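One-letter residues, chain by chain:
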Amino acid sequence: MNDLKESDSAIVARSPGNKAAGAVADREEQRAGTNENPGGRSTDRTQGRAAVSQGAERIRQFIARNPKEKLTALLHHVTPETLRAAYDALKREAAPGVDGMTWDRYGEGLDERLLDLHDRVHAGTYRATPSRRVNIPKPDGGTRPLGVAALEDKIVQKAVVDNILTPIYEAEFLGFSYGFRPGRGAHDALDALAYGIEKRKVNWILDADIAKFFDRIDRDWMLRFLGERIGDQRLIRLIGKWLRMGAMEDGQLVDTGKGTPQGSVISPVLANIYLHYVLDLWVGRKWRPQEARGAMILVRYADDYVAGFQYRKDAERFLRDLKERLGQFGLELHPDKTRLIEFGRFAIADRKKRGQGHPETFDFLGMTHYCRQTRNGHFGLGRKPVAKRMSRTLKAIRAKLRQRMHADEVETGKWLGTVLRGWYNYFAVPTSYRYLARFELRVQREWLVILRRRSQKDRYPWERLQRLCDKLWPPVTVLHPWPTQRFAVTHRR
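It should be emphasised that the depicted structure is a prediction, and the values quoted were computed from it without experimental measurement. (Residues numbered from 1 in each chain as written. Predicted model: local features only at pLDDT ≥ 70, side-chain atom pairs only at ≥ 80, totals over all residues. Heavy atoms only, no water.)

Engineer: Describe the overall build of the chain, and please don't skip the residues or the numbers.
Structural biologist: Regarding its fold elements, the chain presents 17 helices and 11 strands. Sequence separation of 24 or more characterises 71% of the internal contacts of the chain that already satisfy a separation of 6 or more. Surface accessibility of the chain: about 24100 Å² in total, with carbon and sulfur atoms responsible for 47%. (Helix = DSSP H or I, 4+ residues; strand = E, 2+ residues; numbered from the N terminus. Contact = heavy atoms within 4.5 Å. Areas by Shrake-Rupley, 256 points an atom, 1.4 Å probe, with all protein chains shown as cover.)

Engineer: Tell me about the nonpolar core, and please be specific about residues and values.
Structural biologist: Counting 78 residues, the largest nonpolar core has Ile155, Leu165, Leu226, Ile273 and Phe318 as the members making the most contacts within it. Considering every element that reaches this core, the biggest residue donor is helix H10 (residues 267-291), with 13 residues. By size, the runner-up hydrophobic cluster in this structure holds 54 residues, among which are Val306, Tyr424, Val443 and Val476. (Core = buried A, V, L, I, M, F, W, Y, C linked by side-chain atoms within 4.5 Å. Buried < 20%, exposed > 50% of the residue type's maximum accessible area, 1.4 Å probe, protein only.)

Engineer: Lay out the packing of helix H5 (residues 151-169) against helix H9 (residues 233-243) with the relevant residues and their values.
Structural biologist: Packing of H5 against H9 brings their axes to within 12 Å, and their N-to-C directions diverge by 135°. It follows that H5 is oblique to H9 by the angle criterion. Crossing hand, H5 versus H9: left-handed. From H5, Asp153, Val156, Gln157, Val160, Ile164 and Leu165 reach across to H9, where they touch Leu235, Leu238, Ile239 and Trp242. In terms of residue class, the contact of H5 with H9 is made up of eight nonpolar, one polar and one charged. (Axes fitted to C-alpha atoms, helices over the stretch in contact; angles between N-to-C directions. Parallel < 35°, antiparallel > 145°, perpendicular 65-115°, else oblique. Left-handed = near helix turned anticlockwise from the far one by under 90°. Nonpolar A, V, L, I, M, F, W, Y, C, P; charged D, E, K, R; others polar.)

Engineer: Report on helix H4 (residues 110-123), specifying residues and quantitative values.
Structural biologist: Along its 14 residues, H4 runs 20 Å from first to last C-alpha, staying within 8% of the 20 Å computed at 1.5 Å per residue. For H4, the secondary structure elements touched by its buried residues are helix H2 (80-89), helix H3 (103-106), H5 and H9. Positioned one or two residues after H4, glycine 124 has a phi angle of 85°, which is positive. (Expected span 1.5 Å × (residues − 1).)

Engineer: Before we move on, could you go through the pairing of strand S6 (residues 296-301) and cite the residues and values that matter?
Structural biologist: A regular strand carries its side chains on alternate faces of the sheet. Of all six residues in S6, six are buried; the element is thus mostly enclosed. Both faces of S6 are covered, namely the face carrying Met296, Leu298 and Arg300 and the face carrying Ile297, Val299 and Tyr301. Two elements, S6 and strand S7 (residues 304-309), share six bridges in a ladder whose sense is antiparallel. If you follow leucine 298 over to S7, its bridge partner there is alanine 307. As consecutive antiparallel partners, S6 and S7 are separated by two residues, and within that stretch alanine 302 has a phi angle of approximately 60°, a positive value. (Pairing = 2+ DSSP bridges.)

Engineer: How would you sum up the environment of threonine 374? Please name residues and give values.
Structural biologist: By secondary structure assignment, the location of threonine 374 is in the loop between strand S10 (367-373) and strand S11 (379-385). Excluding its chain neighbours within four sequence positions, the residues that come into contact with threonine 374 are Phe379 and Gly380.

Engineer: An account of unusual backbone geometry is requested, with residue identities and associated values reported.
Structural biologist: At leucine 365, a residue that is not glycine, the phi angle is positive and equals roughly 55°. In this structure, leucine 365 sits in the loop between strand S9 (362-364) and S10.

Engineer: Could you give an account of the sheet that holds strand S5 (residues 252-254), with specific residues and numbers?
Structural biologist: Across the sheet, four strands lie side by side as S2-S1-S4-S5; this open sheet has mixed pairing. Two strands bound the open sheet, and with one partner strand each, they are strand S2 (143-148) and S5. Along the sheet, successive strands turn relative to each other by an average axial angle of 45°, direction set aside. For strand S1 (residues 131-137) and strand S4 (residues 247-249), the ladder comprises two bridges, and the chain directions are parallel. When the bridges of S4 are listed, serine 131 appears paired with alanine 247.

Engineer: Give me the side chain of aspartate 207: which residues, what numbers.
Structural biologist: By the element assignment, aspartate 207 lies in strand S3 (residues 204-209). Of the side chains with opposite charge, arginine 339 lies nearest to the buried aspartate 207, which makes no salt bridge, at 4.6 Å. Setting aside chain neighbours within four positions, we find aspartate 207 in contact with Tyr305, Val306, Lys337, Thr338, Arg339, Phe362 and Asp363. (Lys, Arg positive; Asp, Glu negative; His and termini not counted. Salt bridge = Lys/Arg side-chain N within 4 Å of Asp/Glu carboxyl O.)

Engineer: Any chance you could break down the packing of helix H13 (residues 387-403) against helix H15 (residues 433-452) for me, citing the residues and the numbers?
Structural biologist: The N-to-C vectors of H13 and H15 enclose an angle of 25°; their axes lie 10 Å apart at closest approach. It follows from the interaxial angle that H13 and H15 lie roughly parallel. Of the two elements, H13 crosses H15, and the hand of that crossing is right-handed. Between H13 and H15, the contacting residues are Met390, Thr393, Leu394, Ile397, Arg398, Leu401 and Arg402 on the first element and Tyr435, Phe439, Arg442, Val443, Glu446, Trp447 and Ile450 on the second. Residues that form the contact of H13 with H15 fall into these classes: nine nonpolar, one polar and four charged.

Engineer: Before we move on, can you summarise the sheet that holds S6 with the specific residues and values?
Structural biologist: Taken together, four strands build an open sheet; the order of strands is S6-S7-S3-S8 and the sheet is antiparallel. Each edge of the open sheet carries a strand with a single partner, namely S6 and strand S8 (339-342). Averaged over all neighbouring strand pairs, the angle between strand axes comes to 15°, with direction disregarded. Two strands pair when backbone bridges link them, and S3 and S7 are joined in this way by six bridges, in the antiparallel orientation. In the strand pairing of S7, tryptophan 204 is matched with phenylalanine 309. Contacting S3, S6 and S7, helix H6 (residues 186-199) runs over the sheet at an angle of about 165° to S6.

What follows is the structure, encoded as structure tokens:
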């Protein structure tokens, strides 16, 4: 990296200099920045027309002037105005926590409630409420525990995240960190990965996943990491309350002594802070400049991590060191979801020479990445929707169509059109057209089966269904540009 302190630098690989004696180090590839850091809420207004605090912008300005100095007075940025803005930003229909308080109900006498909440936060009498644990089924058959926080906890957490933590750590996070950050999304991470694989010397891919990351965060280390930049002990104690509040499950308070509730407002930024110190700084400042012998690219989205290497020995050494590094902080790689595979511009030819099959694929952010050849015979990165996700979506559509079996055809067609439009908005990337066309065809067939089951004599014609789909469904088309083109434009100086 040109400057690891710049959070908005693009992620591309670098070419380390020749380490032989007397050799001149190669110049690193330039890292351009994104268009800009997300702006603060300093000029926004809440629904009550009360001006929002400009504290977030002042924090950003302070960090720009004093990049290594701790911030010792922060909690005063949590004001009745920022609490009101946080309340307005919450989802109205979100499920209530263990207190049963809904957004609409809390809005009755809102000003008095927020003033009381503000006083309790600053007096130190505010108490975090245990979250309500909900177990969400996972595709692999397991469950993912989510914590539904009480409404007041959501309000205070939102105010702290937006007005204090985000302006501090957006100046700290490195360029290859993409998950749960304002102004950065899944497609930004996918573009960066595609650019690195196609434009840099990548021959091996390490697809890494941290097992049960949110459940295994060490709380003591978390508070120590926060203390690296935050000197306001009142804020540290407040965050500690959220870490230790536990969860209610089947009427019992459950607290394992580690982890942070996945699903709470503050969990994403805390997860990024934890991995910033455990993983990102270690890779960016120590391992890559000191250990890597060849080119290396990195992309992290939350706890999903993909690294590309020029040499296999670099990849194997990194994997070994990564396991050791994570173990020092109570984390470990998922044994089934972490793989080192041969992948890149020479993978197809090299494997063919050895009498092996096509290069393995890997999944990242819902996309299966595979090696392909362009019409000119050159290497190209192919991407398509993950098959399991496609099957899961079709299963959900099938279940919903059964419920709507006797509903109006036009209304059902419009609903299916919104489902397909949402699917295309994410998955309609170059090289995925034929897979999207297959997906649309399977949705048509599922709908036809339901339409023909409405009565024993129903023989709904396929031609009539196609006319209805052509009228109500969005056309199958590629909506995203080539990732290397968009990445180059987005990160142009």
